[in-house]
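Fold and contact review
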Amino acid sequence: AKKNGRNQMAFFSPALDHAAQTRLQLADQLREAIRTEAFELHYQVKVDIASGQAMGAEALLRWRHPVQGLIPPAEFIPLAEETGLIVAIGEWALQTACMAAESWHRCLGTPLSIAVNLSAKQFQDAALLEKVRTALLHSGLPAHRLELEITESMMMHKPDEAAATMRALRQLGVHLAIDDFGTGYSSLGYLSRFPIQCLKIDRSFVQNVPDSETDSTIARSIVSLGKSLGLTVVAEGVETQSQLDFLRQHGCHIAQGYLLGRPLEAARFIEQLRQQEAA
Ligand code: C2E
Ligand code: CA
Ligand code: CA
Ligand code: CA
């Protein structure tokens, strides 16, 4: 039988501490938010470093809460993940992001790629492939313009199953990126075992470039590793011109960060693209 969150809470209430109550309330609100489509995607531009042209965007989830306003993903994704609600939210995000990317193409005449973050639960969902296929079909977005971002830990959890999922996604034609690269615990050997196209250097390494010698060495090494494996290398969290200059100098392909553009809601993102094209 399907359990009702509210009834459960009433039943267990006396024994529950405050934190657990809050979590149950939040889970209820998340379910309600799915029903009322209270989620939004904000889009952050990805720029080709050599040409300075916008080449795509990453879709970043937000929750438009009736009382608390815009809530960042860090505050609700962990619970959405634990409760499994992330699967429905993620499916919505996938569809919405693909539709957005295709609409920019129609509006601006320039094809842009769209990167969507996958959660661990979504990555393990047996229906993932079908959901990706449906999102592409409904939006009309060509598969090669969709990039799915996954983390090292998601790949290393059950490496054989992960590799099989990734091969199936590749057969659809979508691109796969490793997010937050360098922060996981995996060995480099796995890079050749998984069919990936892109590495995203984690912001923590980009942040102290070029002042920190160690971080500069790490960032430079990731760029050269990615390039020698034939992968596209993206630097995330680029905030300063000197970071961007360093990345350009070392041949990093793509930059993303506040220097190039903050995540913006869809309408403002299109405005930003228009202004950049006019400039
Ligand atoms: P992420 O995938 O590593 O996304 C990058 C985060 O860095 C985003 O935070 C972005 O707003 C922020 N950021 C971008 N440029 C800069 C910069 O120059 N400086 C600084 N300080 N920060 C920058 P956000 O939007 O709060 O997202 C946090 C995390 O939530 C994401 O990290 C991702 O792991 C997760 N997330 C976001 N959207 C989704 C989604 O649709 N599904 C899933 N499963 N996870 C998502
Ligand atoms: Ca990401
Ligand atoms: Ca990232
Ligand atoms: Ca990150």
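Since this is a predicted model, take the numbers as computed values, not measurements. (Residues numbered from 1 in each chain as written. Chains lettered and ligands numbered in written order. Predicted model: local features only at pLDDT ≥ 70, side-chain atom pairs only at ≥ 80, totals over all residues. Heavy atoms only, no water.)

1. Some thoughts on the coordination of the calcium ion (ligand 2)
- Taken together, E58 (OE), N117 (OD1), E149 (OE) and D179 (OD) make up the protein donors of the calcium ion (ligand 2), found 2.1 to 2.3 Å from the metal.
- Every donor residue of the calcium ion (ligand 2) comes from the same chain, spaced as E-x58-N-x31-E-x29-D.
- Here the calcium ion (ligand 2) and the calcium ion (ligand 3) are spaced 3.7 Å apart, and both take D179 as a donor. Of this pair, N117 sits in strand β4 (residues 113-117) while D179 sits in strand β6 (residues 175-181), and the two are 62 residues apart along the sequence. (Donors = N, O, S within 2.8 Å, 3.2 Å for Na, K, Ca; no water. Helix = DSSP H or I, 4+ residues; strand = E, 2+ residues; numbered from the N terminus.)

2. Quick word on the coordination of the calcium ion (ligand 3)
- The coordination sphere of the calcium ion (ligand 3) contains the protein donors D179 (OD), D180 (OD), E236 (OE) and E236 (OE), at a distance range of 2.0 to 2.9 Å.
- Spacing between the donor residues of the calcium ion (ligand 3) along their common chain follows D-D-x55-E.
- For D180, a relative accessible area of 24% puts it in the partly exposed group. (Buried < 20%, exposed > 50% of the residue type's maximum accessible area, 1.4 Å probe, protein only.)

3. So, the site of ligand 1
- Around ligand 1, 20 residues are found, and the nearest of them are Q44, R62, D179, E239 and Y258.
- Q44 is positioned with one of its side-chain polar atoms (N or O) 2.9 Å from a nitrogen atom of ligand 1.
- At a separation of 2.5 Å, a nitrogen atom of ligand 1 approaches a polar side-chain atom of E239.
- Relative to its unbound accessible surface of 800 Å², ligand 1 loses 81% to contact with the protein.
- Among the elements of the structure, β2 (54-65) and β6 are those that each provide at least two residues to the shell around ligand 1.
- If you tally residues by element for the shell around ligand 1, the top one is β2, at four residues.
- Its residues placed into classes, the shell around ligand 1 shows eight nonpolar, five polar and seven charged. (Near = heavy atom within 4 Å. Polar contact = N/O pair within 3.5 Å; in protein donor to acceptor, adjacent residues only side chain to side chain. Areas by Shrake-Rupley, 256 points an atom, 1.4 Å probe, with all protein chains shown as cover. Nonpolar A, V, L, I, M, F, W, Y, C, P; charged D, E, K, R; others polar.)

4. Brief notes about the pairing of strand β7 (residues 198-201)
- Side-chain alternation along β7 places C198 and K200 on one buried face and L199 and I201 on a second face that is also buried.
- As paired elements, β6 and β7 share three bridges and run parallel to each other. Its bridge partner being in β7, I178 is matched across the sheet by L199.
- As paired strands, β7 and strand β8 (residues 232-235) are joined by four bridges and run parallel to one another. Along β8, the bridge assignment pairs I201 with A235. (Pairing = 2+ DSSP bridges.)

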